Each structure stands twice: as structure tokens, then as C-alpha cells.
Amino acid sequence: MIPVNEPMLDGNEKRYLAECIDTGWISSEGEFVLRLEEQFARRVDRRYGVAVCNGSAALELAVAALGIGPGDEVILPTFTIISCVSAIVRVGAVPVLVDSDQSTWNMRTDQIANRITPRTRAIMIVHIYGLPVDMYPVLELARRHNLLIIEDAAEMHGQTYDGRPCGGFGDISVFSFYANKHITTGEGGMILTDDEDLANRCRLMRNLCFQPQKRFVHNDLGWNFRMSNLHAAVGVAQLERLGEFVARKRKMGRRYNELLAGIAGLQLPLTRTSYAENIYWVYGVVLDDAVPFNAEEVIRGLASRGVGTRPFFWPMHEQPVLQKMNLFGNEQYPCAERLARRGFYLPSGLALNDEQIDEVADAVRDVLNV
Ligand SMILES: Cc1ncc(COP(=O)(O)O)c(C=O)c1O
């Protein structure tokens, strides 16, 4: 089986992990956590980094630390991971959706203005699969309506928008370090901001709101969302190679593009927009409407030929758990619905080699009968 993802861990990971074990610093107090926070923040041109146990926790902390709460509305794409909506719903706020763009698969920034009401507090930007959201229109809207920006850059390590690092645009921004990301800590996440008070709030809340003076007396409820020094050790080693990893993913993307170009019925990822070159966090493809079956069938066909894949996100307005909460009525978002049914991604891990990419491309042709 060619796995959908396999990370590369052949740098300093083992050496730094051994340091943790030799010195006994294996929980969240330790040099590597601080190093990862500092180095990652510097890489994205942010002042503060707060390491946490995963990207979903980073989103929860970000929304809570901004003081978003009952009655507030947050605008976000329907085509995203459930973590985005659960962070909003858990503080009692209301998610308000927009559709996706057919070619970039990112949120339709031209639909945001219509969704703004007097209760809107924030726009949650989610950069999808390898290309960033077109940020300038969003920044302008946020400025004009005095809205916060939460930037979910979970998939965007090393990507830039108009030359500036993704993760550098939110009042608060988050990343994931899950094993399929450009850099990983196994499980992990990071919050970035330039606001010192906000960073301190996040630090407090990720650590059960222990107070510095009276440790076991709590003024607020927090979470244990800490990252361990072991995870951070892996992250520091990975971060040393971020440039190399992004270049490698782009090379893989180009190889897929060349091999799959011209296959009738298959929409490939955009290689670039005016503001960014794709980093192919995952190599996604979408079946044209003319193809007489949906992504699920192709996924099954590829699995039987030894190729691992994943379907695209399923839109938030079609999630049974959210429908039960009656959050989105009968709203429809045709592009996101189509992406969910027609889209999937091919093996995209950093350890994938050229021969495997060739095999995947052959299998795709075979399944599509071309
Ligand atoms: C856009 C986006 N946001 C948030 C997350 C959540 O990150 P994690 O899996 O580390 O909880 C992911 C995970 O892949 C993601 O793709």
C-alpha cells in the first residue's frame, strides 16, 4: 500500500528526543518547548508563540482567549475541518458560513460582506490544502467593520501570501503539527500573535489557569492543552528543515501535475495564484461533473490498487451533529457540496518517492479508464 501520508523524521529528531530522556525533561517544562515557540514565531514574523497539544486545541484557545462568547457570530468557510466550528460553538458563539471558490477551494471572500451583522465579532480564515485565502479583501473588511481575524494556518507551514508568511495575518493564528503536516511533532499545535496580553491569556488557559502567585487557586477555568518537551524536541528538529520540506512538496506537486495533466475529467490543484505558489500540503483532485461516478468510488478503486487516499472535507452545514443543533437551517453551499462529493487527495507525505508518484498516476488512469 502506498500510504496517504508518511512523514520524514531523519534529521535531528532522535538526537533531541534522547536529550529529553537523558535529562529527564519530558513533560511540558523544558527547553525545547521554549525553543519551538521562539523559533516558530520568528519564522512567521510574529512576536509570541504558544505551543499546545494539537491544532484543534489551538483553535479552542484562540477563540476563548479573544473573549468570543454567547451571542457573538464568527464567519468561516463551510468547507473546513470540524475543529473550526467546534471551537466557536463550545464558547456559545454562532458559526456563520460562506461557500468555497471552485478553483482555489478556499473561502469565497466576496461572500463575507453579506454575512456581517451587528453581532459579528470575527472572521475565521482557513487556508485550504496548499493555497492561502486571498487576504487583502478580508483584511479590508475586518478593518472597516472592526472585526477580529482568527487565521487557521494549520496546513500552511512555509506558505506566504503576497510575500508575507501565512500565520502572520490573524489577530491570532494557529497551526497544527499533526504527522501529515509540512512539519510535525506527532501531535501538536501552535498559537501565534503579536499581542502580549493575548499570548499571556493563552499561556494561562492552556495550563488550567494556574496562577503564578497562588498556584492552586483559580480565577478561571482553563484546559490542560500543554505540549510536552518530547513533542517539541521533534518539532525543533523538523523546523530546521522546513524550507527543504516545502521545496520537496512543491517538486512532488509538479511531478503529479505533469503526470496527471490532460486526464479528461480531473481538475488538478491550481499551481499558483497572483499571490502565492501552491505548497501542496495535500495533492487534491476533483472529478469533473462529466465523470459518471463520485470520489468514493475512485477512492475504493485506488485502494484496491494499493493507493491510499482521503476524501475532501465534508461541509459544516451538512454535518449531522451540527444539523441536530439547527445551526444552519436549509442553507446550501453548492461549491463546497460538490468538492465534498467529487474531491479527494492522493498520497502526499514527505517520504513519498518519484516511483510511488508514478505508480499512483498509473493507478488513477486505470481507475478512470483513460
Ligand atoms: C484547517 C485545519 N484546522 C485545524 C486542524 C486541526 O489540527 P489537529 O489535527 O492538530 O487538531 C486541521 C487538521 O488537519 C486542519 O486541516
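These numbers come from a predicted model, not from an experiment.

## Describing a negative patch on the surface
Here is step 1 of the chain: Side chains of Asp171, Asp195, Glu196 and Asp197 sit close together on the surface and give a patch of like negative charge.
Here is step 2 of the chain: A residue is classified by how much of its surface remains accessible, and Asp171, at 36% relative accessible area, is partly exposed.

## Considering the layout of surface pockets
Here is step 1 of the chain: A volume near 590 Å³ is recorded for the largest pocket.
Here is step 2 of the chain: Lining the largest pocket are 30 residues, and of these Ile81, Tyr178, Asn180, Lys181 and Trp281 lie nearest its centre.
Here is step 3 of the chain: Broken down by secondary-structure element, the contributors of at least two residues to the lining of the largest pocket are helix 3 (55-65) and strand 12 (310-311).
Here is step 4 of the chain: Per-element tally for the lining of the largest pocket: the top contributor is helix 3, with three residues.
Here is step 5 of the chain: Class assignment for the residues of the lining of the largest pocket results in 13 nonpolar, eleven polar and six charged.
Here is step 6 of the chain: For the second largest pocket, the calculated volume is near 410 Å³.
Here is step 7 of the chain: Around the second largest pocket, the lining comprises 17 residues; the ones closest to its centre are Ser28, Glu29, Arg206, Asn207 and Arg226.

## Structural notes on the pattern of salt bridges
Here is step 1 of the chain: One pass over the structure, following the stated rule, counts 20 salt bridges.
Here is step 2 of the chain: Where Asp10 meets Arg241, a salt bridge forms, and the shortest distance between an N and an O atom there is 2.7 Å. Residue Asp10 is found in the segment before helix 1 (13-23), and its partner Arg241 is found in the loop between helix 8 (229-239) and helix 9 (242-260); the two are separated by 231 residues along the sequence.
Here is step 3 of the chain: Classification of Arg241 by relative accessible area gives buried; the value is 15%.

## Quick notes on the side chain of Gln159
Here is step 1 of the chain: One can find Gln159 in the loop between strand 5 (148-152) and strand 6 (160-161).
Here is step 2 of the chain: Separated by 2.8 Å, the side chain of Gln159 and the backbone oxygen of Gly130 make a polar contact.
Here is step 3 of the chain: For Gln159, the side chain forms a polar contact with the main-chain oxygen of Glu277, separated by 2.8 Å.
Here is step 4 of the chain: With residues up to four places along the chain from it excluded, the contact list for Gln159 reads Gly130, Leu131, Pro132, Arg164, Pro165, Cys166, Arg250, Ala276, Glu277, Asn278 and Ile279.

Thresholds applied
- Residues numbered from 1 in each chain as written.
- Predicted model: local features only at pLDDT ≥ 70, side-chain atom pairs only at ≥ 80, totals over all residues.
- Heavy atoms only, no water.
- Patch = residues over 30% accessible without salt bridge, like charges linked within 9 Å, V, L, I, M, F, W, Y side chains within 5 Å.
- Areas by Shrake-Rupley, 256 points an atom, 1.4 Å probe, with all protein chains shown as cover.
- Salt bridge = Lys/Arg side-chain N within 4 Å of Asp/Glu carboxyl O.
- Lys, Arg positive; Asp, Glu negative; His and termini not counted.
- Charge placed at Lys NZ, Arg CZ, Asp CG, Glu CD.
- Buried < 20%, exposed > 50% of the residue type's maximum accessible area, 1.4 Å probe, protein only.
- 1 Å grid on protein atoms, 1.4 Å probe; cavity = no way out; pocket = protein on both sides within 12 Å on 5 of 7 lines; lining within 4 Å.
- Points joined across faces, edges and corners; volume = space filled by probe spheres on them.
- Helix = DSSP H or I, 4+ residues; strand = E, 2+ residues; numbered from the N terminus.
- Nonpolar A, V, L, I, M, F, W, Y, C, P; charged D, E, K, R; others polar.
- Polar contact = N/O pair within 3.5 Å; in protein donor to acceptor, adjacent residues only side chain to side chain.
- Contact = heavy atoms within 4.5 Å.

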